[in-house]
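Per-entry structural report
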Amino acid sequence: MKPNRITACTKLVVTIVFFAIQTSLFAQLQWPAVTPTSKPWTRWWWQGSSVNEKDLTAAMLQYQQAGLGGLELTPIYGVQGQEKNFIDFLSPRWMQMLDYTLKEGKRLGLGIDMATGTGWPFGGPWITDKESSKYVAYKNYTLNGGEKLNQKIEYIQEPFVRTANGKSLSVDALKDPVNANANLQALAIDQVRFKKPLPLQLLMAYDENGKGTDITSLVDANGNLNWTAPAGKYNLYALFLGWHGKMVERAAPGGEGNVIDHFDENAIQHYLAYFDKAFAGHDVSGINSFFNDSYEVDDARGQGDWTPAFFAEFKKRRGYDLKQFLPQFFSTNNDATHLRLLYDYRLTISELLLEHFTVKWKEWAAKKGATIRNQSHGSPANILDLYGTIDIPETEGLELLRIKFAPSASNILGKKYASAEAATWLKDHFQASLSDVKKSLDRYFLGGVNHVFYHGTNYSPQNAVWPGWQFYAAVEFNPSNPFWGHFKTLNQYVTRAQSFLQQGVIDNDVLVYFPIHDKDMEPISRRGMLHHYDGVEGFDGTDFKHLSEEMLKEGYAFDFISDKQVQQLKATPGAIQTGGTNYQTILLSNNQYIPLETMKKLMQLSADGATILVYKQLPSSVPGLAKLDENNAALKALQAQLVFQSQANGTSVANIGKGKWVLTNDMEALLQGGAVRKETMYSKGLQCIRRKQGNSTTYFIANWSGNAIDEWITLSTKATAAAIYNLYFGTTGVAETRTNSKGELEIRLQLKPDESCVVKTATQKITGNAYAYTPATKATPQTLEGPWQLKFVSGGPTLPASKTLNSLQSWTELPGNEYQIFSGTAQYTIQFKKPTNAGAYWLDLGKVQESAEVILNGKKLAVLIGPAYGVRINAADLKPTNILQINVANSMANRIIDLDKRGVKWKTFYNINFAAHDAENRGSDGLFTTEKWQPRASGLLGPVTITTLNK
């Protein structure tokens, strides 16, 4: 090389090395990249599938501009008067609309998910009695030796019909099969059983010693038993296979019909084959994920609790023949044998739901290049195993412990996403604000969700009369809602939060063993033989729920784990390794039953270095009847290896190999015995969730104390520096930090009530600007007195006349009906002089109904959705004389009240028209009404103040 080229190369190498050194020594302030998946998505209802290309494009463009990242397409019941526009599900025309939607989604950068069906659960008109949900019925007969049965072996199904809209309907007026009936949209059948004989599945004769003989083949086509009882006394059990009658709830046109038998592999294969036929010749590769709503067969009369191949599956899985135990199985005395048989039955159902439905559906989706997203809660199975099989587990609800089940499976098994059906029924219709939604979303984030789906958004034609097409159970995330103009701000907040929460892996410490075996060893409930699992529902009064609630309260980070997932664990001293991350310990919460294989695995894990925490006592037995004596003996032999020694801290410890077992009835002592850290910020009313990425830990922190926080907060992670990311305003900076006497990092944190932020730690110095804390001030707030100019800028039914206000008040208090019935946006304008010179100012809007955009001297400062309505103003943004504009949007309620009181028919929906969340909002017809409501306060109520802040 020539000398000048050598010099240039040397400089380049030095520069690269220097940059690498700088990168290793300093962390940088940086927001994660925004992706379609980091944005919030929404469930997109197609009512009646009455869609067209023009309105699809217009709607999707509105969703994209509002900051949504994707749509879950779910066909649903239709709109009255739109019958000529109904498109049958999966028909050629429907597939054309799907093709168009996928193309537009790609063009607009909107992801598309699709429900594998209409409404819920899976089912439709192509599901015959053979593939439909089943139940078991039985009759009992007695015979003495030499006798023949003088009655038919038969079971006549009791007829009944239940509708989703609550309307009376006679089953005698219906045709069998139900799909032969016209106008199923109007009938809205939720469940139907016709009066007819059920097919006999099995007839067993038991002698006095309990030995059973299968005599099913001796029953002729007319139900006559051609069998004479041998000597002795005989107890006969006849089992019949019933048609459960559950219909697809809220079905779209072309989707009405029977729900499938979830325990029969042939049923799901038959069901999905219908999609294969419809999809033929179409490119559906644009579908990101196929979706299934919660199980919800159990909300009908009686349970779907059987499947034709059950006896064969039971024998294959449990190793003995249930046919030999029907008297004990159907016994009502709840003795030990009955309960253990019942457990084995429930375990078999659980496995069938997992293997014959969930796994097969996932395999089908994978062949189409798609993932599956499923709400497993409500299922008669170990929902942690169902969630663990799904690509994207999805939760719903308002209780944090319930929310944690789906994310637990994602965390343990290394799945990137845990989703949520978010903001369902927060309040009754037209009452929930964006502030309410934001707090609900924060609860999901704290529970481990990082991919929210609003519930939801109705497709509505652009020319639909206000309020457009609505769904019966939702916050109305539609362009007809006045908050739509401010919706993007909420979506930006969610996007920032999820962009962090989708990075790295969870940083939880405790694996709480899910005691499903204790529950499945319990007697039959009023709901039937099966338990349906929905988080911690049904565990009231148990130490499992008590410990979980206490750990949440005290700031311990944990996930729930199943036996199947325990088998995948590995351990080293100080760490339990899962497919997704490491934990510190496993907690048994006073479990009575534990499978032998689980106990063996726990012993092995502790031998390899794991710490196992036991609250109160070790499990006393294996569950079920299969190999009971053998397995119980093996369990006792394993437990005999645990020789506990009392410790000074009140615990008892048994050392096994490189690990140990810790036993006590004191939760704090137990967790300390496992060296489990806690976040002390919980004592101040803060809650958090941690994720780790390399040497950095990301905290999502929410202030649910009800008070403003300005304090030093200890972080239970190894770090020397931290940055704060304000998720709402999109600002960031290096946090003020210090080290306490224990060597722990403390940061200064400012959060208003219900405010949240991300704190990201580092083990090296962070480069960037200091975080802009709001400085303390002793200045007196200056009220911006009127006159205020009030102008109505969008909404309806008409735009009221402008007003000059000397003082702020709800616009519904202004004289004239036009103000009381208005829903939309109004602009408040005022001029004010610049206050005393300061480095910055704080503008507080006081009380706002419901959200507000703040514009100062033509510059947009912020959109404020509450519950606090304040924004910082930099000194440079103020002039000697200033113009402040505040655009306030109220709710849909006042305009709806007017429609209801005038008897205007806006509730024009089939199936359920229109459900109320709260009893007080039900009219004489049992449906939602606002007739008794008074106009809701609307607008800028103030007082609006500005305060100088110290530099």
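Below is a short write-up of the structure. (Residues numbered from 1 in each chain as written. Predicted model: local features only at pLDDT ≥ 70, side-chain atom pairs only at ≥ 80, totals over all residues. Heavy atoms only, no water.)

1. Things to note about the pattern of salt bridges
For the structure on display, the rule yields 52 salt bridges. Two residues, Arg43 and Glu72, come together in a salt bridge whose shortest N-O distance is 2.9 Å. Of the two residues, Arg43 is situated in strand S2 (residues 41–47) and Glu72 in strand S3 (residues 70–76); the sequence distance between them amounts to 29 residues. Judged by its relative accessible area of 0%, Glu72 is buried. Connected through shared salt-bridge partners, Arg43, Glu72, Asp113, Asp293, Arg373, Glu394 and Glu421 make up one network. (Salt bridge = Lys/Arg side-chain N within 4 Å of Asp/Glu carboxyl O. Helix = DSSP H or I, 4+ residues; strand = E, 2+ residues; numbered from the N terminus. Buried < 20%, exposed > 50% of the residue type's maximum accessible area, 1.4 Å probe, protein only.)

2. A word on empty space enclosed by the protein
Per the stated rule, a full pass over the model turns up eleven cavities of 30 Å³ or more. The computed volume of the largest cavity comes to approximately 230 Å³. Every residue lining the largest cavity is counted, 17 residues in all, and those nearest its centre are Tyr728, Phe729, Glu755, Gly866 and Ala868. In terms of residue class, the lining of the largest cavity is made up of ten nonpolar, three polar and four charged. Roughly 160 Å³ of volume is contained in the second largest cavity. Lining the second largest cavity are 15 residues, and of these Tyr556, Ala557, Tyr682, Cys688 and Ile689 lie nearest its centre. Examining the composition of the lining of the second largest cavity, we find that four residues originate from one element, strand S29 (residues 686–693), more than from any other. Class assignment of the residues belonging to the lining of the second largest cavity gives a composition of nine nonpolar, three polar and three charged. (1 Å grid on protein atoms, 1.4 Å probe; cavity = no way out; pocket = protein on both sides within 12 Å on 5 of 7 lines; lining within 4 Å. Points joined across faces, edges and corners; volume = space filled by probe spheres on them. Nonpolar A, V, L, I, M, F, W, Y, C, P; charged D, E, K, R; others polar.)

3. As for helix H12 (residues 434–447)
For H12, with 14 residues, the first-to-last C-alpha span of 20 Å sits near the 20 Å given by 1.5 Å per residue. Here H12 lies mainly inside the structure; twelve of its 14 residues are buried. Those residues of H12 not exposed but buried are Leu434, Ser435, Val437, Lys438, Ser440, Leu441, Asp442, Arg443, Tyr444, Phe445, Leu446 and Gly447. (Expected span 1.5 Å × (residues − 1).)

4. A look at the sheet that holds strand S23 (residues 582–583)
Sheets are built from strands that pair by backbone hydrogen bonding, the pairs being arranged parallel or antiparallel. Strand order in the open sheet formed by three strands is S21-S22-S23, and the pairing between neighbours is antiparallel. Two strands close off the open sheet at either side, each with one partner strand: strand S21 (570–572) and S23. Pairing between strand S22 (residues 575–577) and S23: two bridges, direction antiparallel. Looking across to S23, one finds that Ile576 is bridged to Tyr583. (Pairing = 2+ DSSP bridges.)

5. Brief notes about the layout of surface pockets
Within this model, the second largest pocket holds a volume of roughly 800 Å³. In terms of residues, the lining of the second largest pocket owes the most to one element, helix H8 (residues 336–367), which gives seven residues. Looking at the lining of the second largest pocket, its residues break down into nine nonpolar, eight polar and twelve charged.

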